[in-house]
Amino acid sequence: MSNGRFYHLDERDQLQEMEMTGAPVIPISAEEFLNALDTRPANKKLDLSRRWVSDLDLSGKDLSNIDFSCTRFERVDFDGANMDGCDVKRCFFVDSSFHNVSLTNSDAEEASFRGIDLRGSDFSGTDFYSAGLEYSNMEGIITDEKTKWLGDGVPKTGAFLAWKIGGNGRVIEMLVPAEAKRTCSTTEAGRCEYAKVLTITSVDFSETYEWETALVDDDFLYEKGKMVYPANGFDPYPWMSDAAGIHFFTDRDMAISFGTGYYK
């Protein structure tokens, strides 16, 4: 059983269809946005979901307890804002500043923070499952034991088991040694410096094999009982999903779902 939230293909398509046929993303002016903040009722979550906001200074604002889900922010300054208890699920932050923001106890699942300045922001208690963080500046960010899916989907120390699907649909079980460098971003997927191939089986365990090719490179072999090293080395930067290394999943079902096209 996976600890993550992935869906089979038909379920994923239903979710995407619902997303596309739902309420449209509505542009909102700076004046309208600020007026909504100033007039919001006390102790009630403000709904500013599915909006399109641009060229707005929200630095130092109290933005707590707001539903921003599926909202697109372009060139918005959030520096120093309080966003405790916000829903930013599937938000897009584009050319925006997020320096020293308190995004605590929030839902940031599938949000895009790509290329955003997140320095010094507090993410205590926030869920980042499948969020995009490529090229973001995360220097000095604050997390706690309740922060979820922010580079913690892979054990930071010790040996562990990992799985992937090969080019012929075979399941490759690997041991990532304690000494091997490893990294991950915001899902169960990760990369490592090297690994040992333990078993190669069919999805239902009914057949075993001695070898399997890589999913994206027919010339790269995984052989039972042997160590495998990435041809292009290992990149320790955690937030790129396609960086160099041996790619894997910490959940067998997740690996199968990804390798067979049933990935969210």
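The structure this text deals with has already been given above.
Below or above, wherever it landed, is the structure these notes cover.

So, how was this worked out
- Residues numbered from 1 in each chain as written.
- Predicted model: local features only at pLDDT ≥ 70, side-chain atom pairs only at ≥ 80, totals over all residues.
- Heavy atoms only, no water.
- Helix = DSSP H or I, 4+ residues; strand = E, 2+ residues; numbered from the N terminus.
- Buried < 20%, exposed > 50% of the residue type's maximum accessible area, 1.4 Å probe, protein only.
- Contact = heavy atoms within 4.5 Å.
- Areas by Shrake-Rupley, 256 points an atom, 1.4 Å probe, with all protein chains shown as cover.
- Polar contact = N/O pair within 3.5 Å; in protein donor to acceptor, adjacent residues only side chain to side chain.
- Core = buried A, V, L, I, M, F, W, Y, C linked by side-chain atoms within 4.5 Å.
- Pairing = 2+ DSSP bridges.
- Salt bridge = Lys/Arg side-chain N within 4 Å of Asp/Glu carboxyl O.
- Arc of directions from axis to C-beta.

When its secondary structure is counted, the chain shows three helices and 15 strands. The 264 residues of the chain split such that 46% are buried. Contacts in the chain between residues far apart in sequence, at least 24 positions, make up 39% of those at least 6 positions apart. Here the chain has roughly 13,300 Å² of accessible surface; of this, 50% comes from carbon and sulfur atoms.

Here we take up the side chain of T187. With respect to the helices and strands, the residue T187 is situated in the loop between strand 9 (182-184) and strand 10 (189-192). For T187, a relative accessible area of 10% puts it in the buried group. For T187, the side chain forms a polar contact with the main-chain nitrogen of A189, separated by 3.1 Å.

This next bit is on the nonpolar core. By size, the foremost hydrophobic cluster in this structure holds 36 residues, and its most contacted members are F33, F68, F78, M83, F98, L103 and F113. Elements that contribute at least two residues to this core include exactly helix 2 (30-38), strand 3 (51-57) and strand 5 (72-77). Counting residues per element, this core draws most heavily on helix 2, which supplies three residues. Dropping the residues within four chain positions of it, F68 is found in contact with F33, L48, S49, L63, F73, M83, C86, D87, V88 and C91.

In this section: unusual backbone geometry. Only a minority of non-glycine residues have a phi that is not negative, and only a minority of peptide bonds are not trans. The phi dihedral of C70 falls on the positive side, at around 65°, and the residue is not glycine. With respect to the helices and strands, C70 occurs in the loop between strand 4 (66-67) and strand 5. Positive phi is not limited to glycine here, since E110 has a value of about 65°. Positionally, E110 belongs in the loop between strand 6 (92-94) and strand 7 (160-165).

What follows is about the sheet that holds strand 6. Pairing is parallel across the open sheet formed by four strands, whose spatial order is 1-3-5-6. In this open sheet, the two edge strands, each paired with only one partner strand, are strand 1 (26-27) and strand 6. Pairing of strand 5 with strand 6 involves three bridges; the strand directions are parallel. The residue bridging F73 from the neighbouring strand is F93, located in strand 6.

This part covers the pattern of salt bridges. Counting across every chain of the model gives nine salt bridges. The salt bridge partner of K89 is E109, with a shortest N-O separation of 4.0 Å. Linking K89 in the loop between strand 5 and strand 6 with E109 in the loop between strand 6 and strand 7, this pair joins segments that are 20 residues apart in sequence. Looking at K89, the relative accessible area reads 27%, which means it is partly exposed.

Summarising the element assignment, K226 is placed in the loop between strand 13 (221-223) and strand 14 (227-228). Take K226: its relative accessible area is 44%, and that puts it in the partly exposed class. Spatially, the C-alpha atoms of K226 and A195 are 8.5 Å apart, while their sequence positions differ by 31 residues. With residues near it in sequence (within four places) discarded, K226 still touches A195, K196 and V197.

By the bridge criterion, three bridges tie strand 9 to strand 10 in an arrangement that is antiparallel. Directly across from T183, in strand 10, lies its bridge partner R191. Hairpin geometry of strand 9 and strand 10 is characterised by an intervening segment of four residues between the two adjacent antiparallel strands. Bridging between strand 10 and strand 15 (residues 246-249) involves four bridges; their strand directions are antiparallel.

Considered for burial, the residues of helix 2 that qualify are F33, A36 and L37. Buried residues in helix 2, looked at end-on, bunch into an arc of 100°, giving them a common side. What points out from helix 2, more than 90 degrees from its buried face, is the exposed set E31 and D38.

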